[in-house]
Amino acid sequence: MESFPGLWILRCFRPDLDQVLAYSDGSKGGRPPFDVVLMFKILVIQTLNNLSDERTEYLINDRLSFMRFLGLGLSDRVPDAKTVWLFRERLTQAGAIEGLFNRFDATLRNAGYLPMSRQILDATLVAAPKQRNTNAEKADIRAGRILQDWQDKPAKLSHKDRHARWPLKFTKAKRQDDGTIPSMDLAILFFGYKSHISIDRKFQPIRKWKATDAATSDGARLREGLFDRSNTASDVWSDTAYRSKTNEAFMEKHGFVSKVHRKKPHLKPMPRHIQRSNAGKSVIRSRIEHVFADQKSQTGLFVRTVGITRATMRVGWPTSSTTCATLSSWSGSVRPRSSAAGAISPHGSKHRGKVTLTTINQNAITLKSGDRSSKKRLFDPSIICRSPLGIVIL
């Protein structure tokens, strides 16, 4: 582990993990627990590859690259699938994901990467296993009641997701070949949760996030902590879901400048000047869609658990991992420091280099920015990410 420079970024979470887990000091004997940083890195590998607990255990034993990243030797004991589940469950019940995310965000700020150049807000749907309930059961769930039949059967109740919702996702019908537009729009049923995030335009890491049920209004979340008031710019970019008189008054009251898309007038064509204005805003607002695409393509953002508590943990881990991965793309706008080998300065450089990820094994390869492989590959933890902090993130 010491041979990999920069792994201290993962060790900065140790105080938070020790405080949340509160393991015994071993004075009373018993089997000692695994190192908290080791288990934390296992969750990072699992999230980036969308692995089950059993598959994670198998690949750690099978791949030398996983062992090197975790600092394990061939003769060392590897946590089994149940241990990985228990560690993640304890973090979930303690609500530790928000504290860990804040710790990482503080590390970015201390390194000089302050939120700047405006902020962009958006939300995406996160699917969950569909529940087969009757209309009466659905009405009780919406009212917050638990059926007596479920209370008498705890095993059945534990499999009922009472927090996910069924929203309708509307999609505009496409124009036909003859130029006519169908009079009917498309409505798609969806079941699950929703991930709300806020990024800054400069570096594009996720600065704020929130997990809710899928039926929650996007616009109302704008006033519930998604704003990063430490951003050096005041412009806020978002789509039409966030356009309302309440939100406009809220932004004006707190000194923000609204760059939210304007809606089309009801039963009237979109005015040309508004259409051009929305098109210009989309150039900047679309950057947040790249973050969602990375989350869903790499981590397979899908909730397989039951309840909002575990769903928050499931949404929060890809959010944190995507933020870590974003660091490796910043070397195109920064230059290396001359004082430390491999370190990268947060200041701009007129010579814009490409992102380079170099493996440290004997068959060293180089992946450059812009390369897109159509075949999904497992994340190799032996890859060194030369980030702006000069550290190994993954």
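Quick note: structure is the one above.
If you're wondering where the values come from, they're calculated on a predicted model, not measured in any experiment.

Cut-offs applied
Counting restarts for each chain: residues are numbered from 1 in the order of the written sequence. Given that this is a predicted model, residues contribute local features only at a pLDDT of at least 70 and side-chain atom pairs are listed and counted only at 80 or more, while totals for whole chains, interfaces and linings are drawn from all residues. Water and hydrogen atoms were dropped before computing side-chain values, which therefore reflect all heavy atoms in the structure. Helix and strand definitions follow DSSP, with helices as H or I runs of at least four residues and strands as E runs of at least two, each counted in order from the N terminus. The cut-offs for exposure are 20% and 50% of the maximum accessible area for each residue type, with area from a 1.4 Å probe on protein chains only; residues under the lower value are buried, those over the upper are exposed, and the others partly exposed. Should any heavy atoms of two residues lie within 4.5 Å, those residues are counted as being in contact. Note on areas: Shrake-Rupley with a 1.4 Å probe; residue coverage comes only from the protein chains shown. Neither His nor the chain ends contribute to the count of charged residues, in which Lys and Arg are positive and Asp and Glu negative. Salt bridge, as used here: a side-chain nitrogen of Lys or Arg that lies within 4 Å of a carboxyl oxygen of Asp or Glu. Think of a polar contact as two N or O atoms within 3.5 Å of one another; within protein, one of them needs to be a possible hydrogen donor and the other a possible acceptor, and neighboring residues in sequence only count if both atoms come from side chains. Two strands are counted as paired when DSSP detects at least two bridges linking them. Think of each axis as a best-fit line through the C-alpha atoms, taken over the contacting stretch in the case of a helix, with angles from 0 to 180 degrees between the N-to-C directions. Planes of paired rings set the category: under 30 degrees apart is stacked, over 60 is edge-to-face and the rest tilted, where pairs are Phe, Tyr or Trp rings (Trp by its six-membered ring) whose centres lie within 6.5 Å. Geometrically, a charge over a ring is one whose NZ (Lys) or CZ (Arg) sits within 6 Å of the ring centre while staying within 35 degrees of the ring normal. Residues grouped as a nonpolar core are buried Ala, Val, Leu, Ile, Met, Phe, Trp, Tyr and Cys residues, joined through side-chain atoms within 4.5 Å. Like-charged residues within 9 Å of one another, or nonpolar side chains (Val, Leu, Ile, Met, Phe, Trp, Tyr) within 5 Å, are grouped into patches, provided each residue has over 30% relative accessible area and no salt bridge. The definition of a right-handed crossover adopted here requires that, viewed with the strands pointing away, the path from the first strand over the helix to the second runs clockwise. Oblique is the label for any angle not covered by the other classes, which are roughly parallel (under 35 degrees), roughly antiparallel (over 145) and roughly perpendicular (65 to 115). Following the grouping adopted for this structure description, the nonpolar residues are Ala, Val, Leu, Ile, Met, Phe, Trp, Tyr, Cys and Pro, the charged ones are Asp, Glu, Lys and Arg, and the polar ones are all others, Gly among them.

Novice: Which residues make up the overall build of the chain, and what values do they have?
Specialist: Regarding its fold elements, the chain presents 15 helices and 10 strands. When each of the 394 residues of the chain is scored for burial, the buried share is 43%. Sequence-distant contacts in the chain: of pairs separated by 6 or more residues, those separated by 24 or more amount to 63%. Summed over all atoms, the accessible surface of the chain reaches about 21700 Å², with 51% contributed by carbon and sulfur.

Novice: Tell me about the side chain of D239, residues and numbers included.
Specialist: Summarising the element assignment, D239 is placed in the loop between β6 (235-238) and α12 (245-253). Despite its burial, D239 pairs with no opposite charge, the nearest such side chain being R285 at 4.1 Å. Those residues in contact with D239 that lie beyond four places of it in its chain are D122, V260, H261 and R285.

Novice: Break down the environment of P129 for me, citing the residues and quoting the values.
Specialist: Relative to the helices and strands, P129 resides in the loop between β1 (119-127) and α8 (135-142). The partly exposed category is assigned to P129, whose relative accessible area is 37%. Residues P129 and R304, spaced 175 residues apart in sequence, show a C-alpha to C-alpha distance of 6.4 Å. The contact partners of P129, leaving out residues within four places of it in the chain, are F191, F302, V303 and R304.

Novice: Account for the side chain of D122, with residues named and values stated.
Specialist: Residue placement: D122 occurs in strand β1. Owing to a relative accessible area of 3%, D122 belongs among the buried residues under this scheme. Within polar-contact distance, the side chain of D122 engages the side chain of R285 at 3.1 Å.

Novice: Tell me about the sheet that holds strand β4 (residues 192-200), residues and numbers included.
Specialist: Sheet architecture is open: 5 strands sit in the order β5-β4-β1-β6-β7, paired in mixed fashion. Of all the strands in the sheet, the pair left with one neighbour each is β5 (206-213) and β7 (257-260). The mean inter-strand angle of the sheet, taken between neighbouring strand axes irrespective of direction, is 20°. As paired elements, β4 and β5 share 7 bridges and run antiparallel to each other. The residue of β5 that forms the bridge with I199 is I206.

Novice: Any details on unusual backbone geometry? Residues and values, ideally.
Specialist: For A22, which is not glycine, the phi dihedral falls at a positive 50°. On the secondary structure map, A22 appears in the loop between α2 (14-21) and α3 (36-49).

Novice: Pulling in residues and values, what's your account of the packing of aromatic side chains?
Specialist: Scanning the entire structure with this criterion turns up 6 aromatic pairs. Between F227 and F250, the ring centres sit 5.9 Å apart and the planes meet at 10°, which makes this aromatic pair stacked. Of this pair, F227 sits in the loop between α11 (218-221) and β6 while F250 sits in helix α12, and the two are 23 residues apart along the sequence. Ring pairing ties together the aromatic residues F13, F40 and W317, which thus form one cluster. Over the ring of F69 we find K41; its NZ or CZ atom is 5.4 Å from the centre of that ring. Its end group placed over the ring of W85, K82 keeps NZ or CZ at 4.2 Å from the ring centre.

Novice: Talk me through the nonpolar core; I want residue IDs and the actual numbers.
Specialist: In this structure, L17, L70, L91, I197 and W317 are the most contacted members of the largest nonpolar core, which totals 57 residues. By residue number, the principal contributor to this core is α3, which donates 10 residues. Setting aside chain neighbours within four positions, we find L91 in contact with L17, V20, L21, L43, A96, M313 and W317. Within the second largest apolar cluster, 11 residues are counted, among which are A123, L226, Y242 and V260.

Novice: Which residues make up a nonpolar patch on the surface, and what are the values?
Specialist: On the surface, W166, L168, F170 and L189 cluster together to form a nonpolar patch covering roughly 450 Å² of accessible area. By the element assignment, L168 lies in strand β2 (residues 168-171). Here L168 falls in the partly exposed class, since its relative accessible area comes to 47%.

Novice: How would you explain the pairing of β7 if you had to name every residue and give the values?
Specialist: Relative to β7, β6 runs parallel, the two sharing 4 bridges. Bridge pairing in β7 links V236 to S258. Handedness of the crossover joining β6 and β7 through α12 is recorded here as right-handed.

Novice: Lay out the packing of α3 against helix α6 (residues 81-94) in plain terms, naming residues and giving numbers.
Specialist: Remark: α3 packs on α6, axes separated minimally by 10 Å, with the N-to-C direction vectors making an angle of 95°. Comparing their axes, α6 and α3 come out roughly perpendicular. Contacts between α3 and α6 involve V36, M39, F40, I42, L43 and Q46 from the first element and T83, V84, F87, R88 and L91 from the second. Taken together, the residues that form the contact of α3 with α6 break down as 8 nonpolar, 2 polar and 1 charged.

Novice: If you had to explain the pattern of salt bridges to someone new, which residues and values would you point to?
Specialist: Under the criterion given, the structure shown has 17 salt bridges. Close ionic contact of D16 with R103 constitutes a salt bridge, the shortest N to O distance being 2.6 Å. Of the two residues, D16 sits in helix α2 while R103 sits in helix α7 (residues 97-110), which places them 87 residues apart along the sequence. Using a relative accessible area of 32% as the deciding quantity, one classes R103 as partly exposed.

Novice: So, the packing of α2 against α3: which residues are in play, and what are the values?
Specialist: Here α2 crosses α3 at 100°, and the two axes come no closer than 10 Å. As the angle between them shows, α2 and α3 are arranged roughly perpendicular. Taken together, the residues of α3 that come into contact with α2 (itself represented by R14, L17, D18 and L21) are V36, V37 and F40. Looking at the contact of α2 with α3 residue by residue, the classes come out as 5 nonpolar, no polar and 2 charged.

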